[in-house]
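Coordinate analysis (summary)
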Amino acid sequence: MTRLNNFLLWDFTMAALIILAQARPSMKTNSQSSSGLRSDCVGNLMRLSLDGALAVGNQLEVDAVNGTQHIALTPSLAAQCGYSMESDPWGNTRIYTSLMGCYVENQKDTTFNVGMRLRLYNQSPSDMSSHDVTQTCSYSRWASREVICDRNYMEVSTRMATPEPEAKGQAQDVNEDSKNNAVQSASDGIWKMTFFTPEPVSMVLREATQSGYAAKLTPTRVVVRSPYNTAETYTEDVAGVSMEVFRVTAYYNTPHGLNVVNLAAACPTSGILFTEDTVSWYVPRRVTPLMDGSFKIVELHMGINGQRLDKSQMATRGYTLSQTDFHIITEIPLGSPDGYYKSHAPDYQYHITYSVEPMLDVLWRADDTQDDTRYKILFPITTPLMPRLPHFNDDTIAQSRMFSVLLGTFLQDVELKNITFSTGVLTVEDCNARGFVVQQHSFPNGSKSFSLQVPFDADVVLKHNPEKLVTVYFLPLVFGFLVQPEETPFAHPVDLEASLQDVVLPFLTGTCDEKNFHIVVTYGSQGSSFQTLVGYQQLTPDLAVFYNLRSNKTHKSLVVPYMAKDVAFELFTSDSLRARLDVILWDPVNEWTLGDLYLSCSFPLITTICYPNGTVTAVAVKVESVPNLSPSALTLKDQSCTPVFSDDRFAHFTFSVDSCGTTRMFFGHHMLYENEIGLYYGNGAAYTSPVDPDYRQTVSCYYVVNDTKTIAFNSKPIGKEPVAEIGLGQLMVQMRLAEDSFYELFFQAEDYPVIKYLRQPLYFEVELVHSTDPQLELILENCWATLHEDRTSLPSWDIIVDSCGNQDDSYVTIFHPVVSDARVVVPSHVKRFSTKMFTFVQDDEVLKDEIYVHCDALICDTSNQADGACRGQCAHPGMNPSGHQRVKVKREQRRTDLSHQRQISSGPIYLLTP
């Protein structure tokens, strides 16, 4: 700390009066015995201490008492007259008065009476309290020369010379009238001063006083005082320490005549060395502006706040005082209780400083003259700003569902003002009002910490789910602080995170009546933030209306008719149908199944009706166990007996008991007519598939033998059988890449190349266009990917092999069901599948960041399945997790010789690296 800082501190306190932070009572007058005021004598100084508890909330003015007069001590007058003041930020104040000060009553240079009045103002001049202080100090151990280096001034005093009676000189060569004139009073004895800057500058006493200097004679001494940084002081480097030097020659009158005395003061303004834990203060051992020739140190003392310390006190505090050839070194541990820490916030960051006020008191004795010099330095020290990044302890216990953090440590002058959450800024009071517990914790060493507790379910807490059952809770915070009493702000961010396996998944329950499935979805801990798939189809708003969706905050319900397209048929008998509804709760963001229900129920359904006239109606149902069955391809035993109506799930037959290969058997008084619905080859043998099981449905009718029925019939033959006109035409097939699994939006030609991430799903649709013939079905025989646009190029990788997904691929190809809608008229003309984006690598090195996808498609006549390639599409709808990156090469070339085969391609598709 430089002396300029000391001047500024005086300016802040003495002239502008101390302003602190609480109210005081109205005007009253007290003596120094008042609580919070203490005065004592410390060598050639008087010290007055004022506790911050007395001054807090007030501004302080100090008057010097001079007999009956009260003189307001301004900063300049204080420096001129030997008064200094030091105050910490909390109002604890020390005022020092030189016993040689302007307004000190001096009795023979041994007894000194000091008087001061302290005036404390609250908010107005009328609200003032006054304290009078008087202190008598005795001091007789005056050295030949005494030098004081205080915060705001330098003072030197020397013993007046006593001339020998026989001595004759210029001082006695004055005329007789002058001898008889009364000598000027001591205060007026000095009439001229010559300052050395180092060039000489002469002033009479009045001019020197106007320039801020003080000079006077006491009964035995000559005293001169100078503020720092005047025009007549200069800086000199002594043993590496910057010293401010004041040198003057004083001319004064005594009863014995005119005397001349040379005076000098030199005070350090540097010499401080800081380490992490120690302050070292270096003072030159030989202050050359004050001495020449040899000398020895007779006394050496260290002190704090103007008071000497003995060796035991220094040892207790950890202070050391040592000498080298060039320096006297004082070492003070950082954090010593004689100093104080202070918080600061430059650039919105937390810093601290440590301040302490050591004193050095040295007595030199010259070897040649035996004159001694007492050198006293009061040197307030403040360390540079030291950054102190606050630390935090995350004391969160996830099972308690409460964030808990302890932030610290801070000094006592730090106040927590507010906390910024993800939703905004809350004051400490607002936090506590909302149930966020904010507490301050104080420690014996004077530091403090702050703690905060926030429940996991508070709206300021962010959360996400890295796993289905795990929630990660995240609490970003910014603590806002103020440094008092300056109210300087700074902030410190803290991010808290905790994970807990606390997710309650939604679950489903279901029942059935004679016509419908009734599904109830109970939400879990995360509400309704999921998709509902009914039969692997997303529950769209239109479907929600059709399925009579009802919902509230905790549940939703569906009513699904058993004949709905999303229902799978498992088994049927002559009078019932067992149907199954699959409902999946799906998280599309993480691709998780959150819940599922597979509900099977039997519903009444008459599949065979036997009429008295021998007519039989029968319904064939496509069941899940035969997924590739086309009901329109079913016939009775007589293959010419085909359905009178069929769709993708049912085939309706009407025939008489004496036709279509119906057999008859007798059982007692009953006749049994039987036929069979199935798939047959041209030779009458039942059709079997390597994928699907054999489809057989027996149709039976019982009639009582002795019962008579009247049957009407028309034997007139039909004149002309209806025939279809044979025509020729080109059937077209197209393949498109959909934007998502809804297959509603597709990439257009101008969108290529399409860019995808690794393992991102690719949704393909292959469609037979410009045809409405329900007897035709599109079959994807083979699909594969290549590096190049040429579909026969290598390397390549199989996606679909012989109408099924590549079983050697860990990324299983998924076939998606197709239902009739506004765009799809004939579902059998459309095939949809998805696979995961991949790239070709060789020796762990990517060959190229793009792929092309190709397919061979077959157009099959479902009424004539002689070609084994038209046995049907291998379909296993479901969801499969991702595997590892594919690294294989195509094994063989593909056939291109089928006349009913179509070849289509799509690409390029680029791989985007995250």
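Provided above is the structure to which this section pertains.
Residues numbered from 1 in each chain as written. Predicted model: local features only at pLDDT ≥ 70, side-chain atom pairs only at ≥ 80, totals over all residues. Heavy atoms only, no water.

1. As for the overall build of the protein chain
Helix and strand content of the protein chain: eight helices and 68 strands. Here the protein chain, with 914 residues, has 49% of them falling under the buried criterion. Pairs at least 24 residues apart make up 66% of the contacts formed inside the protein chain by residues separated by at least 6 positions. For the protein chain, the exposed surface amounts to about 45,000 Å²; the carbon and sulfur share of it is 52%. (Helix = DSSP H or I, 4+ residues; strand = E, 2+ residues; numbered from the N terminus. Buried < 20%, exposed > 50% of the residue type's maximum accessible area, 1.4 Å probe, protein only. Contact = heavy atoms within 4.5 Å. Areas by Shrake-Rupley, 256 points an atom, 1.4 Å probe, with all protein chains shown as cover.)

2. Focus on the sheet that holds strand E63 (residues 814-816)
A sheet is described by the order of its strands in space; here four strands give the open sequence E57-E59-E64-E63, paired in antiparallel fashion. Across the chains shown, the open sheet's two edge strands, defined by having one partner strand only, are strand E57 (732-738) and E63. Strand-to-strand twist across the sheet, computed as the mean angle between neighbouring axes with direction ignored, equals 25°. Where E63 and strand E64 (residues 830-836) come together, three bridges link them in antiparallel fashion. Note on E64: the bridge partner recorded for His816 is Arg832. (Pairing = 2+ DSSP bridges. Axes fitted to C-alpha atoms, helices over the stretch in contact; angles between N-to-C directions.)

3. Brief notes about the sheet that holds strand E24 (residues 320-323)
Pairing in this open sheet of four strands is antiparallel, and the strands run E20-E21-E25-E24 from one edge to the other. The open sheet has two edge strands, strand E20 (272-274) and E24, and neither has a second partner. Mean inter-strand twist for the sheet, computed between neighbouring axes without regard to direction, equals 20°. Bridge count for E20 against strand E21 (residues 278-284) is three bridges, and the pairing is antiparallel.

4. Things to note about the pattern of salt bridges
Taken as a whole and judged by the stated rule, the model has 31 salt bridges. The shortest N-O distance in the salt bridge between Arg151 and Glu357 comes to 1.9 Å. Linking Arg151 in the loop between strand E11 (145-149) and strand E12 (153-159) with Glu357 in the loop between strand E27 (351-356) and strand E28 (358-366), this pair joins segments that are 206 residues apart in sequence. The buried category is assigned to Glu357, whose relative accessible area is 2%. In this structure, Glu624 and Arg580 form a salt bridge, with 2.4 Å as the shortest nitrogen-oxygen distance. One end of the pair, Glu624, is in the loop between strand E51 (615-621) and strand E52 (645-646); the other, Arg580, is in strand E48 (residues 576-587), with 44 residues separating them in the sequence. We classify Arg580 as buried; its relative accessible area is 12%. (Salt bridge = Lys/Arg side-chain N within 4 Å of Asp/Glu carboxyl O.)

5. Points about a negative patch on the surface
On the surface, Asp292, Asp367, Asp368 and Asp371 cluster together into a patch of negative charge. Along the polypeptide, Asp371 turns up in the loop between E28 and strand E29 (372-378). (Patch = residues over 30% accessible without salt bridge, like charges linked within 9 Å, V, L, I, M, F, W, Y side chains within 5 Å. Lys, Arg positive; Asp, Glu negative; His and termini not counted. Charge placed at Lys NZ, Arg CZ, Asp CG, Glu CD.)

6. Thoughts on the pairing of strand E3 (residues 45-50)
Burial within E3 is extensive, with six of its six residues counted as buried. As defined by bridge partners, strand E2 (residues 37-42) adjoins E3 across six bridges and the pair is classed as antiparallel. Paired with Leu37 across the two strands is Leu50, which belongs to E3.

7. Section: unusual backbone geometry
Between Tyr752 and Pro753 the backbone carries a cis peptide bond, its omega angle lying at 5°. Along the polypeptide, Pro753 turns up in the loop between E57 and strand E58 (754-757). Cis peptide bonds are those with omega within 30 degrees of zero, and the linkage from Leu794 to Pro795 qualifies with 0°. Of note, Pro795 is situated in the loop between strand E60 (776-786) and strand E61 (796-801). Unusually for a residue other than glycine, Asp347 sits at a positive phi of about 55°. Along the polypeptide, Asp347 turns up in the loop between strand E26 (340-344) and E27. Assessed through its relative accessible area of 74%, Asp347 is described here as exposed.

8. Here we look at the pairing of E28
Within E28, eight of the nine residues are buried, leaving the element largely enclosed by the surrounding structure. Sheet topology places strand E22 (residues 295-304) next to E28; nine bridges connect them, and they run antiparallel. Its bridge partner being in E28, Ile297 is matched across the sheet by Trp364. By the bridge criterion, seven bridges tie E28 to E29 in an arrangement that is antiparallel. Residue pairing for E29: Trp364 is matched across the bridge by Thr373. Once E28 ends, the chain turns through five residues before running back antiparallel as E29, passing Gln370 with a positive phi of about 65°.

9. Regarding the nonpolar core
Membership of the largest hydrophobic core comes to 94 residues, with the highest contact counts inside it found for Tyr375, Phe421, Leu452, Val454 and Phe479. Ranked by residue count, the leading element in this core is strand E18 (residues 241-254), at seven residues. Here Val454 is in contact with Met402, Phe403, Phe421, Phe436, Val460, Val461 and Leu475, once residues within four sequence places are set aside. Among the nonpolar cores identified, the runner-up in size contains 56 residues, and Phe603, Ile677, Leu679 and Cys701 belong to it. (Core = buried A, V, L, I, M, F, W, Y, C linked by side-chain atoms within 4.5 Å.)

10. Quick word on the packing of aromatic side chains
The tally for this structure, following the rule as stated, stands at 32 aromatic pairs. Summarising the aromatic geometry, the rings of Phe450 and Phe481 are spaced 5.8 Å apart at their centres and angled 45° between planes, so their arrangement reads as tilted. Residue Phe450 is located in strand E37 (residues 448-455), and its partner Phe481 is located in strand E39 (residues 470-483); the two are separated by 31 residues in the primary sequence. Like Phe450, the residue Phe481 is buried in the burial classification. Through a chain of ring-to-ring contacts, three or more aromatic side chains come together here, namely Tyr350, Phe410, Phe450, Phe479, Phe481 and Phe490. When the ring centre of Tyr251 is taken as origin, the NZ or CZ atom of Lys192, which lies over that ring, is 5.2 Å away. (Phe/Tyr/Trp six-rings, centres within 6.5 Å; stacked < 30°, edge-to-face > 60°. Lys NZ or Arg CZ within 6 Å of the ring centre and 35° of its normal.)

What is shown is where atoms sit, not what they do.
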